Amino acid sequence: MKTIYIDSDFKCHIADDRTMTAVETDAFDGKCDSFIEGYRYIPVGQSWTREDGTVFRGQMVAPWRDYGLLAAAQAQYERDQYELVAAYQEGVNSV
Amino acid sequence: MSIVVPLEGFGGGGTGLNFKVVGGTSQPTNPRENTIWVNTSTSITSYVFSATQPTGSNGMVWISVGASSVVEFNALKKNRLNVYPISVKQYISGKWTDKTAKTYQNGAWMDWAKPYYFVEDGETKTNHTFIGSQASTLVSDDGLLTIKPSGDSYRGLYFSGTKIGNTTFNTEGVFTGNKTYIRIWDKSNTPTDSNFVASAAVDKSNGRLDISAFADGEYFFGFCSLYNETNKIANLWIE
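Procedures and definitions
Residues numbered from 1 in each chain as written. Chains lettered and ligands numbered in written order. Predicted model: local features only at pLDDT ≥ 70, side-chain atom pairs only at ≥ 80, totals over all residues. Heavy atoms only, no water. Helix = DSSP H or I, 4+ residues; strand = E, 2+ residues; numbered from the N terminus. Buried < 20%, exposed > 50% of the residue type's maximum accessible area, 1.4 Å probe, protein only. Contact = heavy atoms within 4.5 Å. Areas by Shrake-Rupley, 256 points an atom, 1.4 Å probe, with all protein chains shown as cover. Lys, Arg positive; Asp, Glu negative; His and termini not counted. Charge placed at Lys NZ, Arg CZ, Asp CG, Glu CD. Pairing = 2+ DSSP bridges. Buried area = accessible area lost by both parts, 1.4 Å probe. Salt bridge = Lys/Arg side-chain N within 4 Å of Asp/Glu carboxyl O. Polar contact = N/O pair within 3.5 Å; in protein donor to acceptor, adjacent residues only side chain to side chain. Nonpolar A, V, L, I, M, F, W, Y, C, P; charged D, E, K, R; others polar.

**Structural notes on the overall build of chain B**
- Counting its secondary structure elements, chain B contains zero helices and 22 strands.
- When its C-alpha atoms are laid out on the principal axes, chain B stretches across 65 × 40 × 35 Å.
- Scored against the burial criterion, the 239 residues of chain B give a buried share of 48%.
- Within chain B, contacts between residues separated by at least 24 positions form 65% of all contacts whose residues are at least 6 apart in sequence.
- Accessible surface, chain B: about 11,100 Å² in total, of which carbon and sulfur atoms supply 47%.
- Distance between charge centres in chain B, computed from 20 positive and 20 negative side chains, equals 7 Å.

In structure tokens:
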């Protein structure tokens, strides 16, 4: 579970610029910041209208940025995490 | 006989052409018949109708054509040259980017995406797979597909589907639970109750999920609920 922040367009942010709403969710557990900030989170009881007039009600978690880019960022983040852990373990083993 | 042909290099809809391609993020007002509106904030420098990916230049719009089109039109004012648009991409910063488009026909803006039903009138239209190792109960009766998961946690079912220009994933039926969702999964993972990539809660009668940020291609589309909830799906579809 982590705290994210949503703006007036329900886009997710990892930091609040003092205009956003804090939301507690487990939808982004294990996800990197770039991934999270490419998503839109609509809380229960609220709705968002897409550019073409289609209305979506909360709760909804869906990307607004090209999902392919988000997936690539997450994959790189996981590779970096793996290498970090491997390097740490190598260091521990060498002691 | 109508045939699908690639067309290249037509610019601003000059003499003899029966259509126009326009860009912008707002739907055009007072459009002519067969105005194709590409929803984009990047200026359109040229457009190509082709069944295969062309060599791109910045701003070029590639309108792919195929037999599944629901917005076919005659490209000529005189004579006949039928064109069958199915999806659109634009070449931006060195790569092709998916865009959505609509065509103005017979007084209305027509979506290009062809609806695809996974469940229609309570009947599954394609093969399904249950989420988790324990099978759920499925009963199709009187226009509704009753699904009751077994086991514990979230369970449900999913279908393999191909998104071509579709922008929403929908369901309608009779839903009694308060933890019921429609979800989409990346094709690279076997769907579980937690590794979805988009999710929308379903209320007592319907649910809708925005899938416009997913590139055209294959995904898993599914319906999940808590193990002790019984739901009745009338329709489950993308459009």
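**Quick notes on the sheet that holds strand 2 (residues 12–13) of chain A**
All names here are of chain A.
- Spatially, three strands are ordered 2-1-3 in an open sheet, and the strand pairing comes out antiparallel. Every interior strand has two partners, whereas the edge strands, strand 2 and strand 3 (21–25), have only one.
- Relative to strand 3, strand 1 (residues 2–6) runs antiparallel, the two sharing five bridges. Bridged to I4 within strand 3 is V23.

**Regarding the interface of chain A and chain B**
- Across the boundary between the two partners, chain A contributes 19 residues, which contact 21 residues of chain B.
- Regarding the contact of chain A and chain B, the summed buried area is about 1,600 Å², with carbon and sulfur atoms giving 47% of it.
- Ranking the residues of chain A by area buried against chain B places R50, R57 and Y67 of chain A at the top, with a combined share of 31%.
- Our count for the contact surface shared by chain A and chain B stands at two salt bridges.
- Between the two partners, chain A and chain B, sit nine residue pairs in polar contact (both at pLDDT 80 or more).
- Every element with two or more residues in the side of chain A that touches chain B is listed here: strand 6 (55–57), strand 7 (60–63) and helix 2 (67–94) of chain A.
- If one sorts the elements of the side of chain A that touches chain B by residue count, strand 7 of chain A sits on top with four residues.
- Residue composition of the side of chain A that touches chain B, grouped by class: 11 nonpolar, two polar and six charged.
- Pairing analysis gives two bridges linking strand 7 of chain A to strand 19 (residues 198–201) of chain B, with the strands arranged antiparallel. Note that in strand 19 of chain B the partner of M60 of chain A across the bridge is A200 of chain B.

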